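Listed below, chain by chain, are the residues.
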Amino acid sequence: MPDAKKSDTKKTKPKAKSQMTTTPLDADLMQLAQNRIAIEGVTPLIDGGRFAIKRVENEDLTISADVFSDGHDEIDAAIVYGPAGSEDWSEERLVFVTNDRWQATIRFEKPGPYRFSIIAWRDLYATWRDEAKKKLDAGKLTDLELTEARDLVRAAQDSGRGAAKDRKALAKLHERLEKAAEKGDATAQYSLMMHEDTIALLDAAGHRTNLSRFPGDIPVWVDRRAAAFSAWYEIFPRSQSGTTDRHGTFDDVIARLPDIQEMGFDVLYFPPIHPIGKTNRKGKNNTLTPTEDDVGSPYAIGSHEGGHLAIHPELGDFDDFARLSKAAREHGLEIALDIALNASPDHPWIREHPEWFDWRPDGTIKYAENPPKRYEDIVNFHFYRDALPSIWHDMRDMFLHWLDHGVRIFRVDNPHTKPFPFWEWLIAEVHKVDPGVIFLAEAFTRPKVMKRLAKIGYNQSYSYFTWRNEKGELQAYLTELTQEECVDYMRVNFFVNTPDINPLYLQTSGRPGFRTRLALAATLAGNYGVYSGFELCEFLPIPGKEEYLNSEKFEIRAYDWHAEGNIRDDVAFFNRLRNREPALQDFRSLAFFNFWNDKILYYAKRTADRSSYLLFMVNLDPHHAQGGHFEVPLWEFGLPDDGTVNAENLASGQVVAWHGKIQHWWLDPKQCPYAVFKVTAP
C-alpha cells in the first residue's frame, strides 16, 4: 500500500461569528432535522396503524419499507419490536432489496399484543470504508481520511451503544490506531479499519448519525395456532342421545367423542347451551304453534332457570360440563361455545335490567326483527343510552365466566348487529385476561362490515365461501383473501354448511357435491367447519329456501352416524392430510394454475422450501366427468418446460411421473371428484 499523502497545513476549526439565539420553535425544528432518513411505504400496515396486524405464535411477519436519504452516504435500517407496553425492544436489521426497498422477517413466540417500528440512520463508517477504498485504489488516500477514521472510533466510544466489552474493544482499537498514526503507518491504520472485527464492532457500538424513526409504533396481535388452523365440528348436544324420545345430555356427548375423534376434528362446537324461554317458543320447523313437548330454539336464551350464565338443566350442570371438557381434551378436541347476545322474553335480565332493552310506546318489549322476518321468541339488547356502561361490563363478565369454566373459543352470533366499539373494547378486555381466547365472528353481511369486525379483534371470520361455487368466483375470492391487505388481519373459517344454511349446491349435487365442497373447504382454508349431518350428505330443504326441513334448531334429531352413503372416510382423509402436510397449515401458501376446463379448480398449497408440495384438482360439476390439459408448475421447482416431477395421488395411491409442462387428467365425480397429488422433483 502506498504511503498516504501528508497535509502541509495545520487543521483549524472555523469559529462561529456570533452565538445564535434559540426560540420555542427550535425544538420542532430540531426534531424535524433529526429525522433526516425517509421511511415510508411500510407494509403490512392496517389503516395507518389504527388496527393490529395478525399473526400466530412463531409465524413469520415479513416487513418491507422504502428507506432512503439525501446525498450519497451509506444508510442502514432495522426493525425494532417487542411486547406492547414494554421497554424491552429487540432489533432485526432490514436488508436492501431493490429500488430503495428494504425487508426483514421477525417472529413472536407467545400470544398477546406486540408492536414494531422502523429506524434508519446514516452509517458514516460504512461510507468511510467505501470512499477510503476508492481513494486508495486511485492513490489519493491521505492522512485526513485516516484522521476521520480515528474520529469515527472516538465517536463510537461516546455513542452509548454496545455492551461493556464493546466499549473496551473500542478503546483498545482507538489506542492501536493512535499508535499507528504516531508511527505514520497508514497501512496499519487502514487495515485495522477494514478488518472484519472492526466492522462488527462498529456495527454493534458505532454512532448512528441522524437516527430517524417511523412515526408511531405499529401494533401486532399474536394468536395461538388454533386461531389460524382448526377443523370445527358442530353438534346440538340435545340431539346426541340416539333417540328423539330423550333429550341429550353432556354424558351423551362424551359417548360420541371417539366417533368425532375418528373423523379428525379438533374443535367441537355447540350452539347455545343455556336455559330456553317458553314465551312465544317456536315449534318444529319454526312454527308459532308449539306443543308442550317442543324444545324450542336454543337462541331464545333465558328462563326462570337462568340466562347466559346458566346451563340448560336437561343437558347437565357445571360439574357435568367440566367432565365433558376434560374428556374432550383427552380426545384431542377443544370445546367452542356459541354466544348469542339476545334473550328470550323470559330472561331474568329483562326484570333486573330493563334499561338494556328496547320498549315500545305501549310498554311492551320490542321483539327481534329483520323485516319481513320477526323472531317472536327473541328480544335484542340495547348497548347505549342508560345501558352504557353497565351492559358492557356485564357482557364482558359473562365471557369471563365461561372462560373460568375452561372455554377459550367463542363463536359469536350476529356480531355485526352490535356496536363496533363494544366489540373492540370487550375483546381487548378478555384478551387482557387470556390472550389465547379465540373469537369467531358469525357475520354473513357486507364485505366491509365483515372486515371491520376482523380489524377490531375477531380472530376468525365467517365468509362467502358457502355461496362460491364456480371456478372464476372461487379464484377471485381466494385471491382477495390470500393476497390483498385483508390477509394480514382477517382469517376466514370455511363452513360447508350451518344449521341456518343448507346451500342450494348441496340440495342438488348428491354425494359427489358433498365430497367436492369438503375438499375445497378443507384444503383452501386454514380454518374450516362442518355442521353434523353433512358427513351423512343430509340435504332435505324447505322447498325454495336455503334451510333444512325438520331443522335441529327447533327439534331433537337422531342420526345413524354410519349410515350408508356417508363421507366419513373423506372427512378423515382430509383432516389427516391437513395435520400431516405443513403446506396446508399456511393459508397464504395458495397458488392457482392453468387447467383448461372451467369445471375443474386446480391449485397448489406449498411450503417455501417445496418440501411439502400438494396439487389439487377438484371437479366442480357433481353430475358429469370433466377433464382436460393442465400445466405442471415445473418452474416452481426450478425445472425447464421439459423437466420431470413425480406425483402421487394421495386419494387413490396412484403414482405417476409427469414429463413436460402440459399434461392431461380426468375426474369422474361418481368415482372421486378430487385428486390430491404429492409432488416431488427428482
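Up top is the structure these notes are about.
These numbers were taken from a predicted model, which means no experiment stands behind them.

With an omega of -5°, the peptide bond between T43 and P44 qualifies as cis. Note on placement: P44 falls in the loop between β1 (38-43) and β2 (53-56). Going from L388 to P389, the amide bond is cis rather than trans, its omega being 10°. Phi is positive for N99, close to 50°, though the residue is something other than glycine. Looking at the secondary structure, you find N99 in the loop between β6 (95-98) and β7 (101-106). We classify N99 as exposed; its relative accessible area is 66%. Although it is not a glycine, N285 adopts a positive phi angle of roughly 55°. A relative accessible area of 28% means that N285 is categorised as partly exposed.

Before going further, it helps to spend a moment on the sheet that holds strand β22 (residues 590-592). Pairing is antiparallel in the open sheet, where six strands are placed in the order β22-β23-β24-β29-β26-β27. Strands at the two margins of the open sheet, each flanked by one partner only, are β22 and β27 (655-659). In this sheet, neighbouring strand axes are inclined to one another by 30° on average, regardless of whether the strands run parallel or antiparallel. Sheet topology note: the strand β23 (residues 600-606)/strand β24 (residues 613-619) ladder contains seven bridges and is antiparallel. Along β24, the bridge assignment pairs R606 with Y613. Across the sheet, helix α13 (residues 471-483) is in contact with β22 and β23; its angle to β22 comes to roughly 145°. Strands β22, β23, β24 and β29 (674-680) of the sheet are contacted by helix α14 (residues 504-524), whose axis makes an angle of about 30° with β23.

What follows is about the layout of surface pockets. Of the volumes computed, that of the largest pocket is approximately 1300 Å³. What lines the largest pocket is a set of 37 residues, and nearest its centre among them are N370, K373, Y375, N414 and D500. For the lining of the largest pocket, the secondary structure elements donating two or more residues are β15 (367-370) and β16 (373-380). Top element by residues in the lining of the largest pocket is β16. It accounts for six residues. When the residues that make up the lining of the largest pocket are grouped by side-chain class, the tally is 14 nonpolar, 10 polar and 13 charged. Along the wall of the second largest pocket there are 30 residues; nearest its centre are E59, D60, Q585, D586 and R588. Sorting elements by how many residues they give to the lining of the second largest pocket places β2 first, with three residues. When the residues that make up the lining of the second largest pocket are grouped by side-chain class, the tally is 10 nonpolar, seven polar and 13 charged.

Counted under the stated rule, the structure contains 49 aromatic pairs. Residues W232 and Y269 carry aromatic rings whose centres are separated by 5.7 Å and whose planes lie at 70° to one another, so their mutual orientation is edge-to-face. Of the two residues, W232 sits in strand β11 (residues 230-234) while Y269 sits in strand β12 (residues 267-270), which places them 37 residues apart along the sequence. One exposure class covers both W232 and Y269, and it is buried. Measuring from centroid to centroid gives 6.0 Å for F592 and Y603, while their planes differ by 65°, and the two rings are edge-to-face. One end of the pair, F592, is in strand β22; the other, Y603, is in strand β23, with 11 residues separating them in the sequence.

Cut-offs applied
Residues numbered from 1 in each chain as written. Predicted model: local features only at pLDDT ≥ 70, side-chain atom pairs only at ≥ 80, totals over all residues. Heavy atoms only, no water. Helix = DSSP H or I, 4+ residues; strand = E, 2+ residues; numbered from the N terminus. Buried < 20%, exposed > 50% of the residue type's maximum accessible area, 1.4 Å probe, protein only. Pairing = 2+ DSSP bridges. Axes fitted to C-alpha atoms, helices over the stretch in contact; angles between N-to-C directions. Contact = heavy atoms within 4.5 Å. 1 Å grid on protein atoms, 1.4 Å probe; cavity = no way out; pocket = protein on both sides within 12 Å on 5 of 7 lines; lining within 4 Å. Points joined across faces, edges and corners; volume = space filled by probe spheres on them. Nonpolar A, V, L, I, M, F, W, Y, C, P; charged D, E, K, R; others polar. Phe/Tyr/Trp six-rings, centres within 6.5 Å; stacked < 30°, edge-to-face > 60°.

Such coordinate-based values are descriptive only and should not be taken to indicate function.
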